[in-house]
Amino acid sequence: RLLVSIGLNWVLSCLALAYALYEIRRVGYWPFQLSQFDWSLSKKMAHYGLLFVPAAVANAFMAVADRLLVGHLLGTDAIAVYAIAIALGSLGVMFVEWFGLAFDPHLSTWIASGDRGIYLPKMQLLATLLAALFALLTGFAVLWSGPVIAWLYPDGYAPAAELVPLIIFTAGLTALSRLGVATAMIAHTPKYHSDIYWSAFLINIVIGFLLIPAIGIKGAMIGTITAQAYILVCWIYLGRFKLKNLPIRWGMPIAVLLMTLLFMVIMRNVVIGSLWALFLLSGLVILVIAGLLLYLIVTGK
């Protein structure tokens, strides 16, 4: 299965590359020409990009650390439950990736303008909207994950229902960090990335080792949430207090996140019963509306 998965991903990547090159050529551009190569610019870009490599490695380690810790400390049964939760919680992860694909090019354009009046109001609104959107995603996951898992899987996978909202909540922290990291982009420096992401990785590992044997798979998720919250707090501190180049007011987004955590704690033992389909449908409607608002904000339409 792993070989098939890798092969399929490779084929899809090749098709995506071919289609991208076709679209570039179709509109009359072709950047891959030696006459357009700038050696001095490429050296600067390569040096700048290489400074991100250690942080990228730490971020990649965090993506697999929980699974390795759960397998080492709890065994394969726990890995199966964790894998189901990751599969269902991938909605939040995919949304973060979609948001990044749409948002990052616009963010680069806004920052390149050098006009804080252009990007700061939009990013302020995005911070609140993203927090509210992932609060909704997390809240609805609390309501529908249990019935969905009970309907699709044997009883042994029931513990995965508590993990799905935590995974989506973690994705929300990651999405907000995509806003906060703009402080480093504005300052034109990658020097903070390695320190932040490696220390977050160590936090994740330490908390996992301490909590997984005591409370099970949720201990791994608590470690991940703590690490992602630490990353967000670091970017907030840099943007508002140290570099002072991204003074977003984070009070409302953080309050929304805290209320979401409280909702998860209150609702974890509540049985939803046969109303899960209604909750799911209403959640999808709200998400469509929120997605449309995000599109309008990002694109400026």
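The structure presented is a predicted model; accordingly, all values stated were derived computationally and were not measured. (Residues numbered from 1 in each chain as written. Predicted model: local features only at pLDDT ≥ 70, side-chain atom pairs only at ≥ 80, totals over all residues. Heavy atoms only, no water.)

Okay, the pattern of salt bridges next. By the definition in use, this model includes 3 salt bridges. The salt bridge involving glutamate 23 is made with arginine 26; its shortest N-O contact spans 2.7 Å. With glutamate 23 and arginine 26 both in helix H1 (residues 2-26), this residue pair falls 3 residues apart, about one helical turn. A relative accessible area of 53% means that arginine 26 is categorised as exposed. Here lysine 218 and glutamate 162 are joined by a salt bridge, their closest N and O atoms 3.4 Å apart. (Salt bridge = Lys/Arg side-chain N within 4 Å of Asp/Glu carboxyl O. Helix = DSSP H or I, 4+ residues; strand = E, 2+ residues; numbered from the N terminus. Buried < 20%, exposed > 50% of the residue type's maximum accessible area, 1.4 Å probe, protein only.)

Moving on to the packing of aromatic side chains. Across all of its chains, the model carries 10 aromatic pairs by this definition. Aromatic side chains tryptophan 30 and phenylalanine 32 sit 5.3 Å apart centroid to centroid with 75° between the ring planes, which places their arrangement in the edge-to-face category. Tryptophan 30 gets classed as partly exposed once you look at its relative accessible area, which sits at 28%. Look at phenylalanine 32 and you get exposed, because its relative accessible area is 55%. For the pair phenylalanine 61 and tryptophan 198, a centre-to-centre distance of 6.0 Å together with 75° between the ring planes defines the contact as edge-to-face. (Phe/Tyr/Trp six-rings, centres within 6.5 Å; stacked < 30°, edge-to-face > 60°.)

Moving on: a nonpolar patch on the surface. Together, Leu8, Trp10, Val11, Leu12 and Leu15 make up an exposed nonpolar region whose accessible area comes to about 530 Å². Mapped onto the elements, tryptophan 10 comes out in helix H1. Exposure remark for tryptophan 10: the relative accessible area of 59% places this residue in the exposed category. (Patch = residues over 30% accessible without salt bridge, like charges linked within 9 Å, V, L, I, M, F, W, Y side chains within 5 Å. Areas by Shrake-Rupley, 256 points an atom, 1.4 Å probe, with all protein chains shown as cover.)

This brings us to the packing of helix H5 (residues 116-152) against helix H6 (residues 160-180). Orientation of H5 relative to H6, taken along the N-to-C sense of each, is 170°, at an axis distance of 8 Å. Considering the angle they form, H5 stands roughly antiparallel to H6. The class makeup of the residues in the contact of H5 with H6 is 21 nonpolar, 4 polar and no charged. (Axes fitted to C-alpha atoms, helices over the stretch in contact; angles between N-to-C directions. Parallel < 35°, antiparallel > 145°, perpendicular 65-115°, else oblique. Nonpolar A, V, L, I, M, F, W, Y, C, P; charged D, E, K, R; others polar.)

In the contact formed by H6 and helix H10 (residues 251-267), the axes pass within 11 Å of each other and the chain directions differ by 175°. Between H6 and H10, the interaxial angle falls into the category roughly antiparallel. In this structure, H6 uses Pro165, Leu166, Phe169, Leu173 and Leu176 to contact H10, whose residues at the interface are Leu257, Thr260, Leu261 and Met264. Along the lines of polarity and charge, the residues of the contact of H6 with H10 split into 8 nonpolar, 1 polar and no charged. (Contact = heavy atoms within 4.5 Å.)

Let us look at the side chain of threonine 138. Looking at the secondary structure, you find threonine 138 in helix H5. The contact partners of threonine 138, leaving out residues within four places of it in the chain, are Pro165, Ile168, Phe169, Thr260 and Met264.

Ranked by size, the top nonpolar core spans 62 residues in total, and within it Met123, Phe134, Val164, Leu176, Leu179, Leu246 and Trp250 carry the most contacts. Contributions of two or more residues to this core are made by helix H3 (53-74), helix H4 (76-113), H5, H6, helix H7 (182-187), helix H9 (217-242) and H10. Broken down by element, the residue count for this core peaks at 18 residues, all from H5. With sequence-adjacent residues up to four places away left out, leucine 246 is seen in contact with Tyr119, Leu120, Met123, Leu179, Gly180, Ala182, Thr183, Ile186, Gly239 and Arg240. Core analysis: the next-biggest nonpolar cluster, separate from the first, contains 16 residues, Val181, Phe201, Cys234 and Trp235 among them. (Core = buried A, V, L, I, M, F, W, Y, C linked by side-chain atoms within 4.5 Å.)

Bringing unusual backbone geometry into the picture now. The bulk of non-glycine residues show a negative phi, and the bulk of peptide bonds are trans. In this structure, histidine 188 is a non-glycine residue whose phi angle is positive, near 55°. Looking at the secondary structure, you find histidine 188 in the loop between H7 and helix H8 (191-215). Positive phi outside glycine occurs at lysine 244, with the angle close to 55°. Looking at the secondary structure, you find lysine 244 in the loop between H9 and H10.

The next subject is the side chain of asparagine 204. For asparagine 204, the location among the structural elements is in helix H8. Those residues within four positions of asparagine 204 in sequence are excluded, and the remaining contacts are Met62, Ala65, Asp66, Leu69, Ala220, Gly223, Thr224 and Ala227.

Below, the discussion takes up the confidence of the model for the protein. On average, the protein scores 83 in pLDDT, and the residues at 70 or more come to 89%. Taking the mean pLDDT of every element in the protein, the minimum, 59, falls on helix H11 (residues 276-299) and the maximum, 93, on H9. (pLDDT = per-residue confidence, 0-100.)

Next up on the list: the environment of asparagine 245. With respect to the secondary-structure elements, asparagine 245 resides in the loop between H9 and H10. We classify asparagine 245 as buried; its relative accessible area is 9%. Taking the C-alpha atoms as reference points, asparagine 245 and alanine 184, separated by 61 residues in sequence, lie 9.0 Å from one another. Leaving out residues up to four positions away in the same chain, asparagine 245 has contacts with Arg116, Tyr119, Thr183, Ile186, Ala187 and Gly239. There is a polar contact of 2.5 Å between the side chain of asparagine 245 and the side chain of threonine 183. (Polar contact = N/O pair within 3.5 Å; in protein donor to acceptor, adjacent residues only side chain to side chain.)

Moving on to the environment of alanine 158. Assignment of secondary structure puts alanine 158 in the loop between H5 and H6. Residues alanine 158 and glycine 146, spaced 12 residues apart in sequence, show a C-alpha to C-alpha distance of 7.0 Å.

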